[in-house]
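Here is how the chains run, residue by residue.
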Amino acid sequence: MDQFAQLIVLTLAAGTPLVYAALGELVTEKSGVLNLGVEGMMLVGAVASFAVAATTKSPWLGVGAGILAGAAVSMIFAVLALSLMSNQVATGLALSLFGVGLSAFLGLEYVSVVIEGIRPLAVPGLSDLPIVGKLLFAHNPLVYLSLALFAAVHWFLYRTRAGLVVRAVGESPQSAHAIGYPVIAIRYMAVLFGGACSGLAGAYLAVAYTPLWVEGMTAGRGWIALALVVFATWKPWRVLAGAYLFGGVTLAQFQAQALGLEMPSQFLSMLPYVATIVVLAIISRDATTIRLNAPASLGKPFHAGA
Amino acid sequence: MSVPSPRLALRGITKAYPSVVANDDIALDVLPGEIHAVLGENGAGKSTLMKIIYGVVKPDRGTIAWEGSPVVIANPARARRLGIGMVFQHFSLFETLTVAENIALALEADRAGPGLSQRIGDVSAHYGLPLEPDRHVHTMSVGERQRVEIVRCLLQGPRLLIMDEPTSVLTPQAVEKLFETLRTLASEGCSILYISHKLDEIRALCQKATVLRAGRVTGTCDPREETSESLARMMIGGDLPRPRHAAAKAGAERLAVDHLTLPADDPFGTSLHAISLAVRAGEIVGIAGVSGNGQKELMAALSGERPVDDANAIRLDGAPVGTLDAAKRRAMGLAFVPEERLGRGAVPELSLAENALLTAHRQSMVSRGFVRSEAVRTYAEDTIRAFGVKAGGPHAAARSLSGGNLQKYIVGREIRQKPRVMIAAQPTWGVDVGAAAQIRQALIDLREAGVAVLVVSEELDELFEICDRLAVIAQGRLSEAKDIADTNAGEIGQLMAGSFVAAGPHGQRRFSPAGALGLDAEPGTGDREP
Amino acid sequence: MSAAGPPQGANRSPTGGSAAANAASVGGSIRLRLEARPEPSRLAGWLSPLAAALATLVVGFVLFSWLGKNPFTAFHAFFVKPVADAYGVSELLLKASPLILIATGLAAGYRANVWNIGAEGQLLVGAVAGGGLALAFPETTSPLLLPAMIVAGALGGMAWAAIPAFLRTRFNANEILVSLMLVYVATHLLSWLVHGPWRDPEGFNFPQSRLFHEAALLPPLFEGLRVNAGLFVALAVVAAGYLFMQKSLAGFQMRVAGLAPAAANYAGISSNRNVWMGLLIGGGCAGVAGVQEAAGPVGQLLPTLSPGYGFAAIIVAFVGRLHPVGVVFAALLMSLLYLGGESAQLNLALPSAVTGLFQGTLLFFLLAADVLIHYRLRVVRPARTPVPVPKGA
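Residues numbered from 1 in each chain as written. Chains lettered and ligands numbered in written order. Predicted model: local features only at pLDDT ≥ 70, side-chain atom pairs only at ≥ 80, totals over all residues. Heavy atoms only, no water.

Draft legend 1. Layout of the overall build of chain A. Looking only at helices and strands, chain A has 13 helices and 0 strands in total. N-terminal to C-terminal, the α/β element order of chain A is α-α-α-α-α-α-α-α-α-α-α-α-α. In terms of overall size, chain A behaves like a compact globule, its C-alpha atoms giving a radius of gyration of 19 Å where 306 residues would be expected to give roughly 19 Å. Its C-alpha atoms put chain A at 60 × 45 × 40 Å along the principal axes. A burial count over chain A gives 61% of its 306 residues as buried. Look at the contacts in chain A between residues 6 or more apart in sequence, and 77% of them connect residues 24 or more apart. Carbon and sulfur atoms form 71% of the exposed surface of chain A, whose accessible area is close to 10800 Å². (Helix = DSSP H or I, 4+ residues; strand = E, 2+ residues; numbered from the N terminus. Rg over C-alpha atoms; globule rule 2.2 N^0.38 Å. Buried < 20%, exposed > 50% of the residue type's maximum accessible area, 1.4 Å probe, protein only. Contact = heavy atoms within 4.5 Å. Areas by Shrake-Rupley, 256 points an atom, 1.4 Å probe, with all protein chains shown as cover.)

Here's what the structure looks like:
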């Protein structure tokens, strides 16, 4: 039973970067903007957070730096795709490629640096309770924060007027413009939020989950987060469920190795990617659901006729 | 009593775009409680003027006075605060949101809170515009959507309501109903700016009219004292062109549709139910209907853009083609002019020559898989010349042409492929009077040459002008085609409302004449698959 | 991420010829705004890659200064020194060749809005297929081995690209994500092969295959230089790509599908066929590039077979304007960036990661400059309306 609790804890920990990145991208896409740069923003967030954490010895300052760095590079995307109306697919790809290069460049002197990361909670008394203590009171603080972010995003999108406006802009920017909403400004905010969340996801990896800096350490999680948004049919709670599902899959390789399963490790390492492909195919097959839930203007540049 | 001061007064309004002066020194006065028509043909500058009043477009010059004081209307929010509401021709609604959410979005935050549903109920009851606040817009008919737009405006307590071509989505009977609402509103002191190019409607509804032509005011009048002809002369500066039209000499059946049933592939679409229709050589058959009743789906099925499962449901010259794609049907002599010109009928970024290659490549433009660019250019040049297209030549990008000229080019491109069957959807929508007349004449000439022609249009006048027989589509079902001589606008209007649907084999289950009309208080019965 | 269809890529369609907006405020009174051109500017189309390259150089100048290097020395080390001799030029062509191949293939698909971003994986699988053939016939001296390897490489890349094509046409699954995921799968596949069944028994346990034998290696063009016959394959593909994309009906139809999917559907152009063609062409070219690497400069199968050519080629395709001839020039530029990175590492102790940074920057500037193809900048002075500020505004 304790082993089971341990597995849950590990799954939540592995799914958390996906929760952050996919929730951020969800809000961006809800406004009608497709930012394929998640992987790049995560990497930049990761390297920035690690560098600041290593320099200041404060992992929490590092987290702040990761958020800011993710938001900052997302602004490059925003200027190109929103103000200059560049192709969103190409611009997102460029951001991912740029993020890989930039993070490798900035991170050179931090490879094999050791830092004190953010540790899981240890609430005296509570965390030591059998099973319940592990399940509820011994996660990393950033895991709790990701759950709070989920609740906040859900509340924002479906319970606030501002969230309604974001959804409306994603649905029909022309209509939103016609009744007087500043479409471009709203989309800027949505992209910024997505960038900050991706940066936070990278920061979690670099200063809490591992904690270390390795070139390309996100290992495609940014792309999996993008797939998760489709998998979730743009619904926050399904993002959460999907993130933990994929978190669980990444653990499968460690589990199998622990169980002494005779299988080359490379095949186990393929699992998350293969699972992503399979899930994507299954969800996308239902074109009607996608059509009803996908923001109608997703990926299309908006140019207000003035 | 002195003359009341105008609610809205425009002076010297001018707005120029790089290629055209949309508004040139416009003056306009609207009195309180007045229903004021702004009349002009497509491209005369009506829409630009309305967008200026509603704060969507900023004028280059000129002044706007609201209830006597000069104002700058910087954006729509400012316009709404002043008390100006606008019902757009292309609705500014959000399909996946509910009626209440759509309305809340347009209201100030403090007025969109609790109690909104109650107020929606009150307003819709008072003006006879029933609505269900919790319904999603994508499940609603076009008429119902217009009600959402109107109620949304009325909830803001407007003192000036702008209606941009509101009747193009309504049946003649629904138009009457709308006019009653507008008269009630005006009697309560609200001014109404009514934009239209339909002369009869303006004469029936409005107390004053300002006529625009090529961006300038060419006259103001009391339309009740004018004839349609005199209004038309002000509008286009000459008499309305009338097409030549000899008696039909219909021949063999060219296009046959036999119990075509097609579920909607789009959650926002309409399903087609047992549609049957025949078009013979040498006749023009028209399909009337309120938009959103299955026209788009029927066109996709007939053109081959969406092949159907039953090959025999559609036959060209007797051959079953239901399962064939658009290219194969074209090879068999089908030509098609779609409703959307830019992006479907033509690729906006490509040249006219390349747009000829798009559908006419069977006209010796390709040899061994490679394009013969000389042949392509010649075809484009000949089309431009034969149809009087005003363009910079075959290398001009499609999007650089005006709507009317591009439509002439597309129609010409299709006709010059010598089709056996021609299908045209909304062939003159948004096209200036001259081009529209030319396109109608071209379709009539095609009929004289023995081609089977099918025209889908929302403009009843146009259909009565050029068709030999007329059918009506409502809720995805098609009425029997009637000889034009044996019917009239009133009867067609009843059919557009869905009166025939009850008689159909599947009719009982889903009968809702008002659903198509957008009149009933139980909109859930409309035939739209959620 | 819309799985319901490709994002509307190059599909900019301002509704009229006369729209203007998204004003960027510059100062209080005078503003710059973008105004749609009635026709796309050909001049801007050719100038924007040049402008992007220049802007990237300026960024490099600033970056080198910031890193405490004399920018002129750094420039010399980065852009001149690597190609100052015959060996350098040979290396330039050697690295440009796979980029040309892959980018030409990708361009064909991108024109049709088929976003294959998994060329890196297709390259690796191509290398595995072609290299596997070399390893399977270690004794043969047949001159047919090399052509067979190239064909196997093409088929391998196509097979890998067929997966996203199938999933897209059958299940509507987004090809961007599927093709990208398959890069990771291919990487692990190659890793397994060279760690396991194909590991060189005499390789001191290093994860690598045996070295290819003579008949399985691409012959060098010049004594002592590494540039090899693969360059001719790349140039042949460019020529074929030019004919296909610019002159054939099928190429035209793919372009229509990219610019206006509804128009393609209206004209009866099969979107499934375009997806298949776009992915298979891209995959085949990437697979050939993989064989070229394995049978060329590398000479065996390694986990680090490709220095990211599959991703760099995406940038090459865009900077080359999705045009085969443009691709050649863009590939040379990109190849120079690779060489420059290596040279900078040797001569200036600058990290070679600078290359990746430059690649991304170049694409950003290109995308920014491209706006001027469809829009022009206008300086707008506020209209002098003698209108007083309204009460309560």
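And the narrative resumes.
Draft legend 2. Spatial organisation of the interface of chain A and chain C. In this complex, chain A contributes 57 residues to the contact, which on the side of chain C involves 53 residues. Carbon and sulfur atoms make up 79% of the area that chain A and chain C hide from each other, which totals about 4800 Å². On inspection of chain A and its partner chain C, the count reaches 0 salt bridges. At the junction of chain A and chain C, the tally comes to 4 residue pairs in polar contact (both at pLDDT 80 or more). Those elements that provide at least two residues to the side of chain A that touches chain C are helix 3 (59-83), helix 4 (88-107), helix 10 (221-231), helix 12 (265-284) and helix 13 (287-293) of chain A. Examining the composition of the side of chain A that touches chain C, we find that 12 residues originate from one element, helix 4 of chain A, more than from any other. (Buried area = accessible area lost by both parts, 1.4 Å probe. Salt bridge = Lys/Arg side-chain N within 4 Å of Asp/Glu carboxyl O. Polar contact = N/O pair within 3.5 Å; in protein donor to acceptor, adjacent residues only side chain to side chain.)

Draft legend 3. Broad picture of the sheet that holds strand 4 (residues 61-66) of chain B. Residue and element names in this part refer to chain B. Spatial ordering of the open sheet is given by 2-1-4-5, a layout of 4 strands whose pairing is antiparallel. Only two strands of the sheet have a single neighbouring strand rather than two, namely strand 2 (21-30) and strand 5 (69-71). In this sheet, neighbouring strand axes are inclined to one another by 25° on average, regardless of whether the strands run parallel or antiparallel. Bridge count for strand 1 (residues 8-16) against strand 4 is 5 bridges, and the pairing is antiparallel. Looking across to strand 4, one finds that Ala9 is bridged to Ala65. (Pairing = 2+ DSSP bridges. Axes fitted to C-alpha atoms, helices over the stretch in contact; angles between N-to-C directions.)

Draft legend 4. Examining the domain arrangement of chain B more closely. Residue and element names in this part refer to chain B. Here chain B is partitioned into domain 1 (8-236) and domain 2 (253-333 + 419-516). Distance from the C-alpha centre of domain 1 to the C-alpha centre of domain 2: 31 Å. The partner domain 2 presents 20 residues to the 18 residues of domain 1 that form the contact. In total, domain 1 and domain 2 occlude about 1300 Å² of area from one another, counting both sides; carbon and sulfur atoms represent 56% of this. Per-residue buried area on domain 1 facing domain 2 is highest for Asn42, Thr171 and Gln173; these three make up 29% of the total on that side. At the surface where domain 1 touches domain 2, the tally comes to 0 salt bridges. Applying the counting rule to domain 1 against domain 2 returns 2 residue pairs in polar contact (both at pLDDT 80 or more). Residue classes in the side of domain 1 that touches domain 2 are distributed as 5 nonpolar, 10 polar and 3 charged. (Domains from an automatic or database assignment. Nonpolar A, V, L, I, M, F, W, Y, C, P; charged D, E, K, R; others polar.)

Draft legend 5. Spotlight on unusual backbone geometry. For Asp25 of chain B, which is not glycine, the phi dihedral falls at a positive 55°. Tracing the backbone shows Asp25 of chain B in strand 2. Even without being a glycine, Leu322 of chain C presents a positive backbone phi close to 55°. Examined against the element boundaries, Leu322 of chain C turns out to sit in the loop between helix 11 (309-319) and helix 12 (324-348). The buried category is assigned to Leu322 of chain C, whose relative accessible area is 17%.

Draft legend 6. Main features of the environment of Lys46 of chain B. Residues and elements named next belong to chain B. Its place among the elements puts Lys46 in helix 1 (residues 46-53). The spacing of Lys46 and Val389 is 343 residues in sequence and 24 Å in space, taken between C-alpha atoms. Excluding residues that lie within four positions of it along the chain, Lys46 makes contacts with Val38, Leu39, Gly40, Glu41, Glu165, Ile195, Ser196, His197 and Leu212. Reaching out from Lys46, the side chain makes a polar contact with the backbone oxygen of Gly40 at a distance of 2.6 Å.

Draft legend 7. The arrangement of the pairing of strand 9 (residues 208-213) of chain B in detail. Residues and elements named next belong to chain B. Note: strand 3 (residues 35-39) against strand 9, 4 bridges, orientation parallel. The partner of His36 across the bridge, within strand 9, is Lys208. Pairing geometry for strand 9 and strand 10 (residues 216-221), over 5 bridges, is antiparallel. Each residue of the ladder has a partner; that of Thr210, found in strand 10, is Thr220.

Draft legend 8. Examining the layout of surface pockets more closely. Estimates place the volume of the second largest pocket at around 1700 Å³. Lining the second largest pocket are 46 residues, and of these Leu350 and Glu354 of chain B together with Arg42, Arg111 and Arg255 of chain C lie nearest its centre. Mapped onto the lining of the second largest pocket, the elements with two or more residues apiece are helix 11 (352-360) and helix 12 (373-386) of chain B together with helix 1 (42-66), helix 3 (86-111), helix 7 (230-247), helix 8 (249-259) and helix 13 (354-374) of chain C. (1 Å grid on protein atoms, 1.4 Å probe; cavity = no way out; pocket = protein on both sides within 12 Å on 5 of 7 lines; lining within 4 Å. Points joined across faces, edges and corners; volume = space filled by probe spheres on them.)

Draft legend 9. The pattern of salt bridges, seen in detail. Residue and element names in this part refer to chain B. Per the counting criterion, the structure on display carries 38 salt bridges over all chains. Between Arg145 and Glu95 there is a salt bridge; the shortest N-O distance is 2.6 Å. Within this pair, whereas Arg145 is found in helix 5 (residues 142-154), its partner Glu95 is found in the loop between strand 6 (84-87) and helix 3 (99-106), the two being separated by 50 residues in sequence. With relative accessibility at 12%, the residue Arg145 sits in the buried group. Between Asp222 and Arg224 there is a salt bridge, and its shortest N-O distance comes to 3.1 Å. Residue classification places Arg224 among the exposed positions, given a relative accessible area of 51%. A network of salt bridges, in which partner residues are shared, links Arg7, Glu67 and Arg159.

Draft legend 10. Fine view of the packing of helix 3 of chain A against helix 4 of chain A. All names here are of chain A. The interhelical angle for the contact between helix 3 and helix 4, taken along N-to-C directions, is 155°, at an axis separation of 10 Å. Here helix 4 runs roughly antiparallel to helix 3, going by the angle between their axes. Here helix 3 runs over helix 4; the crossing is right-handed. Residues Val73, Ile76, Phe77, Leu80 and Ala81 of helix 3 lie in contact with helix 4, whose contacting residues are Gln88, Thr91, Gly92, Leu95, Phe98 and Leu102. (Parallel < 35°, antiparallel > 145°, perpendicular 65-115°, else oblique. Left-handed = near helix turned anticlockwise from the far one by under 90°.)

Draft legend 11. Highlighting the interface of chain A and chain B. With 18 residues of chain A in contact, the opposing surface of chain B contributes 27 residues. Each partner contributes to the roughly 1900 Å² buried at the junction of chain A and chain B, and carbon and sulfur atoms together form 63% of this total. Taken together, the links from chain A to chain B amount to 1 salt bridge. A salt bridge links Arg167 of chain A to Glu101 of chain B; the nearest nitrogen and oxygen atoms lie 3.5 Å apart.

Draft legend 12. Molecular detail of a nonpolar patch on the surface. Nonpolar side chains collect at one region of the surface, where Phe370 of chain B together with Tyr242, Leu243, Val325 and Phe329 of chain C lie side by side and expose about 450 Å² of accessible area between them. Elements supplying a minimum of two residues to the nonpolar patch: helix 7 and helix 12 of chain C. Assignment of secondary structure puts Leu243 of chain C in helix 7. Judged by its relative accessible area of 41%, Leu243 of chain C is partly exposed. (Patch = residues over 30% accessible without salt bridge, like charges linked within 9 Å, V, L, I, M, F, W, Y side chains within 5 Å.)

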